[in-house]
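# Observations on the model geometry
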Amino acid sequence: MSAATLEQLREQVRGQVIAPNDEGYDEARAVYNAMIDRRPAVVVRPANVGDVMSAVRFAHENGVDLAIRGGGHSVPGFGTCDDGVVIDLSSMRGVRVDPAARTARAEGGATLGDLNAATYAFGLATTGGIISTTGISGLTLGGGIGYLARGFGLSIDNLISADVVTADGSFVTASEREHADLFWALRGGGGNFGVVTSLEFQLHPVKDIYGGPMFFELSDAGDVLRWYRDFIADAPEAFGGFPAFQIAPPLPFIPEDRHGDTFLAFVACWAGPLDEGESVLKPLHDVAPVAAEHVGPMPYPALNGAFDALVPPGLQHYWKANFVTELTDEIIDAHLKHGPEVPAVNSTMHIYPINGACHRVASDATAFTHREANFATVIAGMWPDPADNDANTKWVRDYYEATAPLSEEAGYINFMAGDDQDRIRANYGSNYDRLVTVKRQYDPDNLFHLNQNIAP
Ligand SMILES: Cc1cc2nc3c(=O)[nH]c(=O)nc-3n(C[C@H](O)[C@H](O)[C@H](O)COP(=O)(O)OP(=O)(O)OC[C@H]3O[C@@H](n4cnc5c(N)ncnc54)[C@H](O)[C@@H]3O)c2cc1C
């Protein structure tokens, strides 16, 4: 990109415009997954929506790639590109809570931690993910699975409206009342339709929760997984949580001589009355003795940030995922074979429950179609040293090959790896054709193609 062309962009943008010769370029081009090493022509950190409009028009007019970055967590690295424009929304993270209406509007670069901290002050929360540094935009546009999903639905089920800059640089607000087709597509269709500059959410009265992580011996893993399958089918909807295969990190509540051992962990979140938490978790305690636990009342944002240190930016990432309708004995056996082989303390496998309120939304009511699934499984390979890439990707692939044939063909788009592009049709499922229609209307030239792409 010529200096003159860049100069035009700098004149139009109030926020930061960072080109390869500018200070901070290497930090600005980095995304969360350290396997991704791309060199954009320019990174724009907008100060406001007007800057986003300018940057979108600039990319369109110059015919270059455009990548959108919210929290930067995309495992395939969709938040960056070679030689094109990156719009990095980390400069727009404000959150405004309306406590009377029980709503919050978060700017497009806000993280879950930003949203939760702002709403906690009012004793309110909505469904988000399990790590506080994940971007609220990328997470929500794919669906949004987290501790509160059984009670309140996916993040998209709580979305009231979104401000969007579309491919021609114009600004629209999408909701049930305005641009309803776009609003439908945004709720599960990923970053295909424009740059979301803010999201308005419905909030719910959740302040402190009862829960935390529990570690069970591997010899009890089968019993815990089978208990989970049966319990979660009709557990009270205020109960969220998931089992995981996890190497014990060096945390004070885990006996020192067990640090580095592999366990079947269970992370529980009871968002109902605090004084009921202990009795709700008793059946799980009765399954098998716990080797270590850190369970009790805590602020919801504390649980949401509890595992951040396990997944700092800069790890290598390789993930695979499937939806699961029936957690059969056969699939549990496959987990029991591969889960205990988890090779790194950062790596894990989670089985998230997505029944309850998630099932009360019709599969064509939003772009997220897989409402029949009871679980979203993710095998998340994360490790620090590139020298270990082969061993870790092999663990993920072997695990996936054993479990995928026993699962739904599709998986959650936000858990897809870079080599999952051939699964896009299955992932969008029965809503794919309607998504193409909306794509043709809002982005006929496929400017927004660095994502789980719906070709117009
Ligand atoms: C450690 C970790 C934990 C996770 N935990 C969960 C979890 O608990 N639940 C869950 O549902 N998912 C979870 N995810 C997956 C997560 O939802 C996806 O990685 C998601 O894409 C992250 O969004 P982001 O904004 O941080 O990512 P980015 O890399 O910034 O964005 C990814 C893509 O989303 C789109 N996008 C992002 N922001 C915008 C915007 N403002 N406008 C338009 N498009 C945009 C773009 O296509 C972009 O390329 C996790 C991921 C990681 C790495």
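Structure's up top.
Okay, so let's go over this structure.

What counts and how
- In this numbering scheme, every chain counts its residues from 1 along its sequence in written order.
- Only residues with pLDDT of at least 70 get local features here, since the model is predicted, and only at 80 or more are side-chain atom pairs given and counted; chain-wide, interface and lining totals rely on the full set of residues.
- Hydrogens and water are ignored here; the side-chain numbers use all heavy atoms of the structure.
- Secondary structure is summarised from DSSP: a helix means a run of H or I of at least four residues, a strand means a run of E of at least two, and numbering begins at the N terminus for each.
- Each residue is placed in one exposure class: buried if its accessible area under a 1.4 Å probe, protein chains only, is under 20% of its type's maximum, exposed if it is over 50%, and partly exposed if it falls in between.
- Whether two residues are in contact is decided by their heavy atoms: any pair within 4.5 Å suffices.
- Reported accessibility uses the Shrake-Rupley method at a 1.4 Å probe radius. Residues are deemed covered only where the shown protein chains occlude them.
- Residues scored as positive are Lys and Arg, those scored as negative are Asp and Glu, and His as well as the terminal groups of each chain are ignored.
- A charged residue contributes its charge at one atom only: NZ of Lys, CZ of Arg, CG of Asp or CD of Glu.
- Only Phe, Tyr and Trp rings take part, Trp by its six-membered ring, and two of them pair if their centres are within 6.5 Å. Stacked means planes under 30 degrees apart, edge-to-face means over 60, and tilted covers everything else.
- A cavity, in this analysis, means grid points on a 1 Å lattice covering only the protein atoms where a 1.4 Å probe fits yet has no way out; a pocket is instead an open set bounded by protein on both sides within 12 Å along at least five of seven lines, and a residue lines either one if it has an atom within 4 Å of a point.
- Grid points are joined across faces, edges and corners, and a volume is the space filled by probe spheres set on the points.
- Side-chain atoms within 4.5 Å link the members of a nonpolar core, which is a set of buried Ala, Val, Leu, Ile, Met, Phe, Trp, Tyr and Cys residues.

## So, the overall build of the protein chain
Helix and strand counts for the protein chain come out as 14 helices and 17 strands. Taken over the C-alpha atoms alone, the protein chain extends approximately 65 × 50 × 40 Å along its principal axes. Put simply, the protein chain has 456 residues, and 59% of those count as buried. Of the contacts formed within the protein chain by residues at least 6 apart in sequence, a portion of 74% connects residues at least 24 apart. As displayed, the protein chain offers around 17,000 Å² of accessible surface, 50% of which is attributable to carbon and sulfur atoms. Taken together, the 31 basic and 59 acidic charged side chains of the protein chain have centroids lying 4 Å from each other.

## Digging into the packing of aromatic side chains
Aromatic ring pairs are described here by two measures, namely the spacing of the ring centres and the angle between the planes. This model, assessed by the stated rule, comprises 17 aromatic pairs. A centroid spacing of 4.5 Å and a plane angle of 15 degrees characterise the contact between Trp227 and Phe231, whose relative ring orientation is stacked. Placement of the pair is Trp227 and Phe231 together in helix α8 (residues 221-233), with a separation of four residues, close to one helical turn. Pair check on accessibility: Trp227 and Phe231 agree, each one buried. Relative to Tyr412, the ring of Phe368 lies with its centre 6.3 Å away and its plane at 65 degrees, an arrangement referred to as edge-to-face. Placement of Phe368 in the loop between β16 (348-353) and β17 (375-383) and of Tyr412 in the loop between α12 (389-403) and α13 (424-428) is noted, with a sequence separation of 44 residues between them. In this pair, the class of Phe368 matches that of Tyr412, namely buried. Through pairs of rings, three or more aromatic residues link up here, namely Tyr147, Phe242, Trp319, Phe323, Tyr352, Phe368, Tyr412 and Phe415.

## Details of the layout of surface pockets
Each pocket or cavity is described by its volume, and for the second largest pocket that value is around 480 Å³. Ala30, Val31, Tyr32, Gly71 and Gly72 are, among the 27 residues lining the second largest pocket, the residues nearest its centre.

## Things to note about the nonpolar core
Counting residues in hydrophobic clusters, the biggest one holds 47 residues, and the most contacted among them are Tyr147, Ile209, Leu303, Phe323 and Ile354. When residues of this core are traced back to their parent elements, those giving at least two are β10 (208-216), β11 (239-247), β12 (262-270), α10 (300-305), β15 (316-324) and β17. Counting residues in each nonpolar core, the second largest holds 40 residues, with Leu327, Ile332, Phe375 and Tyr399 among its members.

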